[in-house]
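The lines below spell out each chain.
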Amino acid sequence: MSQFYQNADPDRAQLLPTKDTLTALKSDVTLESAILELCDNSLDAWKRSNERTGKAHIDIDINEHGERTELIVRDTAGGVPRDDAAMLFGLGKTAKDQVSGAIGTFGVGAKKSLVNLGLPFQIRSRDKTADVGWTYRITEDWFNDDEDWTVPVHDAEDIQPGTTEILIEDLNYNWNEETEQELRNRLGEAYNMFLSDEMQALRGTNYDLEIIVNGEKVEPEGIPNWSFSPFDGLHPRRYKNIELNIAEFDAPVYLHITVGLLTKKSNRAAGTDIYCQERKVASRLRNAEGGFGSGQDRLGNFNPRHQRLKVIVELETDGDGQVLPWDTQKSSIDKHNPFMRGTDDCKGVYNWLRRTVQSYFDLDADRVPQAFLEPYDEDHPAAINDGKPKVHDYSDRTQVVKQHRPDTDLSDIKLITRKAQADAQLQITREDVLDEAQVDAYIMQLERESDRNRENLVTVSSAPAEVATEHPHEISGQISELARVHHHNGVYYPNDLPEWQTARYDAHMSRHGKKDLRDLSEAPDDLPATLGELDGQDGDDLATNNQGPTVYTADKLEDPSKSTEEAEIFLVLGGDTEDERGSRVMETTRKELTNQLNIGNSSTDEVLWEELREHLKESLD
């Protein structure tokens, strides 16, 4: 793949590559990667021309000529001066010395791409300030001559100023609608930072680029569908301008990390995306390259429970882009790159990922109920920061402060969840008395906690007492017991109960039948009218002890020690006949059973089994 050429000095040999080198380099190139390399050159030309402040187009067109397919890649990025004509195909030639932050840094990508796409090919360009353009053509004959690496350059008058055009005269690949769409998708991912208005708003850039494939516009991948949850600091955050300095390199590398939880689990979106020089290199990484796995500076193993976690890593430098952790194909990340793993004097990308992403990673393991994430997309009225990631400038920071991370205790979420759980027991909904930001999460969680349609719950205009949220089983049991006592004595009297207690009271009455009850207008003299009176307390105090409410009944459990006894539940088929068949279906404790039925733990066996029979009957109905 190389030849020795002897010069005038017999003690020295000149080592030059052969043109077979270019052919060999193309082995790892695909149609998509080849076209991406040509687009990279266009973006560098655009930066060299006007720092990407003007408008630019990249058009990719296909023309069929019988059995021959012609591919044209044309851009309006500013053109290439005639003196730099060799840069587009000269091996090792690159614009990185002329353009700070160049994408094309290795000097081989576009060259091997052109060889891969097909021969012959023509290159034409005209600098935006030039009176005339230039062109040259590479053929098979040129490749067969190892001694002459030059190519004739001719004037090209039929090309507009600021335009570059590459014509592949006979494409090596089959082209169809599927090929076309896959290419558009790949371009939309790779150049997301240049095409997506949302990503540019996040970065503070303003590019006006359009890429067209066979007449159809390329749509960007866009910004992740993060949840802008108003709870416990779960919203997405961007840590920008983290400066990575390693002494052996001339220029620093700047790191930006954006992290959040998606509104919905997505196997197609979750993971780590990595950009270098604003060009996406890797998508949805869930391995060591993306910061996951075991060991120092790793987040832990990515598994199906982490399908809400979305991380974006951006690396850029004004120096030589070859120091960044991408390969020559710009398709994979080198996890051993010093900027990724860090050095003794510089914390690397993985260390910063662990410190900024770890809380989100831990919380994404199904610790956050979906109700507190799914409703809160960027357009939700309660979306934090108007539906944009909160930005923290870390240009002068070395530590990630607690206030810049989610609250892993989830105190807000736990409180709303307890309210939903309590209200499901009480058969009410308090959505009208909650803060607006909490309503959607509460409703969704309430529907999950309740086996009833929310429309069947009673809406209250005032919040239940705090004790009802903290001890819903006990309070629900007290309400049911009060209703049972009234029903047993043939009366209906909820008048002295607060609004939030009447729903469960009425539910008990409806279940057991209200038809023959006396509807009283005044409190009965010989019966309790409130939970406080049921417990023998003054006023309307509510029992909150762990043993449950005191049951108002003439029959008491004779032996209090029986409250901890086991309860065996049998299913009997056939009734009182010789064919009767039975089987034990469940074994539990009295306390667990009374809690599930929302009655006091000291209720008699008669009350316990009556409530159980009614519960089973209601379930079967």
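Residues numbered from 1 in each chain as written. Predicted model: local features only at pLDDT ≥ 70, side-chain atom pairs only at ≥ 80, totals over all residues. Heavy atoms only, no water.

Honestly, the sheet that holds strand β13 (residues 271-276) in this entry has me stumped. Any pointers?
Hydrogen bonds along the backbone pair up the strands of a sheet, which may run parallel or antiparallel. What the six strands build is an open sheet, ordered β14-β13-β15-β12-β11-β16; its pairing is mixed. Only two strands of the sheet have a single partner each, and these edge strands are β14 (279-285) and β16 (390-393). The mean inter-strand angle of the sheet, taken between neighbouring strand axes irrespective of direction, is 15°. As paired strands, strand β11 (residues 237-244) and β16 are joined by four bridges and run parallel to one another. Across the sheet, residue Lys240 finds its bridge partner in β16, namely Asp393. Against the sheet, helix α5 (residues 177-190) touches β13 and β14, its axis set at about 100° to β14. Contacts between helix α9 (residues 349-363) and the sheet are confined to β11, β12 (253-261) and β15 (309-316), with β12 contributing the most and set at about 15° to the helix. (Pairing = 2+ DSSP bridges. Helix = DSSP H or I, 4+ residues; strand = E, 2+ residues; numbered from the N terminus. Axes fitted to C-alpha atoms, helices over the stretch in contact; angles between N-to-C directions. Contact = heavy atoms within 4.5 Å.)

Looking at this structure, I do not really get the sheet that holds strand β9 (residues 208-213). What am I missing?
With respect to topology, eight strands assemble into an open sheet ordered β7-β6-β5-β8-β4-β3-β9-β10, the strand pairing being mixed. In the strand order of this sheet, the two ends are held by β7 (154-156) and β10 (216-217), each with one partner. Contacts from helix α2 (residues 31-50) reach β3 (55-65), β4 (68-75), β8 (163-168) and β9 within the one sheet, and its direction differs from that of β3 by about 150°. Where α5 meets the sheet, its contacts fall on β3, β9 and β10, and the angle it forms with β9 comes to roughly 165°.

Explanation requested: the packing of α2 against α5 in the structure shown.
Between two packed helices, both the angle of their axes relative to each other and the distance between the axes serve to describe the pair. With their axes 10 Å apart at the nearest point, α2 and α5 run at an angle of 45° to one another. As far as their axial angle goes, α5 and α2 are oblique. Here α2 runs over α5; the crossing is right-handed. Within the contact between the two elements, α2 uses Leu31, Glu32, Ile35, Leu36 and Cys39 and α5 uses Thr179, Glu182, Leu183, Arg186, Leu187 and Ala190. Tallied by class, residues from the contact of α2 with α5 come to seven nonpolar, one polar and three charged. (Parallel < 35°, antiparallel > 145°, perpendicular 65-115°, else oblique. Left-handed = near helix turned anticlockwise from the far one by under 90°. Nonpolar A, V, L, I, M, F, W, Y, C, P; charged D, E, K, R; others polar.)

Looking at this structure, I do not really get the packing of aromatic side chains. What am I missing?
Centre distance and the angle of the planes are the two values used to describe a pair of aromatic rings. Per the counting criterion, the structure on display carries twelve aromatic pairs. Look at Trp46 and Tyr207: their rings are 5.9 Å apart centre to centre, the planes differ by 55°, and that puts the pair in the tilted class. On the criterion of sequence distance, the pair formed by Trp46 in helix α2 and Tyr207 in the loop between α7 (197-203) and β9 is long-range, its members being 161 residues apart. You'll find Trp46 and Tyr207 in the same group, each marked buried. (Phe/Tyr/Trp six-rings, centres within 6.5 Å; stacked < 30°, edge-to-face > 60°. Buried < 20%, exposed > 50% of the residue type's maximum accessible area, 1.4 Å probe, protein only.)

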